[in-house]
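Overview (structure and organization)
In case you want the letters, here they are:
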Amino acid sequence: MKPAPILLATLLLLTACKSEAPKHEEDHAHEEGKGAEPHGEGHDETSVHIAAEMMRDLRVTTARVGERPGGESVTALGELTFSENAYAEVASPIAARVGTIFVTTGQEVKQGDKLAELRSPELGKARASLQAAQARATAARQAAERKRTLAEERIVAQKDVQAAEAEAAAADAEVASARAELVSLGASEDELRGGQGAPGFVLRSPLSGTVIERDARMGQMADPSQPLFRIGDLSSLWLIVHAFERDAVRIQRGAQARVTFAAFPGQEIAAKVGHVGQRVDAASRTIPVRLELDNRDGLLRPGMSASAFVPLGDAGAPITTVPAAALQRLEGGWVAFLPTATRGVFERREVGRGRTLGGEVEVLSGLKAGELVVVEGAFLLKAEAEKSSGGGEAHAH
């Protein structure tokens, strides 16, 4: 009869283990549920929830889904520069010493505004030459007038009148030449009208714009070969890119291009093709292409490097594009994350990815032009989505 008590004890032990096991598994599942759904019950797989403390450290930037003409395009590198019609280097026309300076770097000037006053002995000589020429011209005109009066009274011959008039005309030409020399030296209107004027001459701005550089210093000797001021209109800039000849011949003047700058990641600026060069560079086999950019907000600076996406030939049907960083590969497909009205909650949306277009990618489905998508921060959102998805799978097993 001894086996009977042993069998009874074994059965009681198995029953106790079975009654405790569901409680242990339930507690374990409850703990997993807390990790997978930190924001409460009813976790939605179409959204990603970020805790408030993580949002403080997560840098998120967004961009709007764009729409651009289809068809072929070429990527070309270039550098921003001033428009040739809106840039000037102002130097002294003669060796002179810099006196008063009226402008500083970054100052806006209008055409004709004073830049600096310069002093030079040559200006005094030119002023003296003008005064002497004006005196000779006055005397010559008076002599010609007397000869005409005497000729009417038949006191002098007509040939004497003609000689006096010729001398007066020559004297007037000398005055014109002296005035032109003073103008080239920057003479003021007061000096041209015959006044004594200031002891120096004034350099004036030839156009309206911004003083980009000022190399003039009070007291320095100005060299005519070295500009004292560089002035440019920054409201419109040129981007000169170099396209291979096989592509450049298909670029049309007036075509709308898109430009990105290393200084402004994820931001595009529209440009227009203003000119396609007529000569191929023998070394690089490229042709310069001029793109014109509107810079009235002053965001761009001459000298910045840029990448331009220039259409080739006729534009095709419009396509939808987003920055490449906005699309993330998740569970065998591509997704984008869209911010919602609730802070820390982002919509996860599946999209169809098309061609890579420089720093952008074509979107075939899932997004519409104008919608906001996360660019910087999308990779971290993808990691959070994978973590939530992984937690759900572990819970299922």
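Residues numbered from 1 in each chain as written. Predicted model: local features only at pLDDT ≥ 70, side-chain atom pairs only at ≥ 80, totals over all residues. Heavy atoms only, no water.

**Focus: the overall build of the protein chain**
Across its full length, the protein chain holds seven helices and 23 strands. Taking all 397 residues of the protein chain together, the buried fraction comes to 35%. Considering only contacts in the protein chain between residues 6 or more positions apart, those separated by 24 or more positions represent 73%. Carbon and sulfur atoms provide 53% of the accessible area of the protein chain, an area that totals close to 23400 Å². (Helix = DSSP H or I, 4+ residues; strand = E, 2+ residues; numbered from the N terminus. Buried < 20%, exposed > 50% of the residue type's maximum accessible area, 1.4 Å probe, protein only. Contact = heavy atoms within 4.5 Å. Areas by Shrake-Rupley, 256 points an atom, 1.4 Å probe, with all protein chains shown as cover.)

**Regarding the packing of aromatic side chains**
Scanning the entire structure with this criterion turns up two aromatic pairs. When the centroid spacing of 6.5 Å and the interplanar angle of 80 degrees are considered together, the rings of phenylalanine 261 and phenylalanine 264 count as edge-to-face. Look at phenylalanine 261 and you get buried, because its relative accessible area is 3%. Above the face of the tryptophan 334 ring, arginine 353 is positioned so that its terminal group lies 4.5 Å from the ring centre. (Phe/Tyr/Trp six-rings, centres within 6.5 Å; stacked < 30°, edge-to-face > 60°. Lys NZ or Arg CZ within 6 Å of the ring centre and 35° of its normal.)

**A closer look at the side chain of glutamate 360**
Within the secondary structure layout, glutamate 360 lies in strand S22 (residues 360–365). By relative accessible area, glutamate 360 is classed as buried at 11%. Of note is the side chain of glutamate 360, whose polar atom sits 3.0 Å from the side chain of arginine 258. Of note is the side chain of glutamate 360, whose polar atom sits 3.3 Å from the side chain of threonine 321. Beyond its immediate sequence surroundings of up to four residues, glutamate 360 is in contact with Arg68, Arg258, Glu268, Thr321, Val322, Pro323, Ala324 and Arg355. (Polar contact = N/O pair within 3.5 Å; in protein donor to acceptor, adjacent residues only side chain to side chain.)

**So, the confidence of the model for the protein chain**
In the predicted model, the protein chain carries a mean pLDDT of 81, and the fraction of residues at 70 or more is 81%. Taken element by element, the protein chain is modelled with least confidence in helix H1 (residues 3–36), mean pLDDT 45, and with most confidence in strand S12 (residues 229–232), mean pLDDT 95. In the model, residues 391–397 has pLDDT below 50 throughout and makes three contacts with residues more than four positions away in sequence or in other chains. (pLDDT = per-residue confidence, 0-100.)

**Here's the deal with the sheet that holds strand S11 (residues 221–222)**
Spatial ordering of the open sheet is given by S9-S8-S6-S11, a layout of four strands whose pairing is antiparallel. Because the sheet does not close on itself, it has two edges, and the strands there are strand S9 (201–204) and S11. Taken together, the two bridges between strand S6 (residues 96–101) and S11 define a ladder with antiparallel strand orientation. Across the sheet, residue alanine 96 finds its bridge partner in S11, namely alanine 222. (Pairing = 2+ DSSP bridges.)

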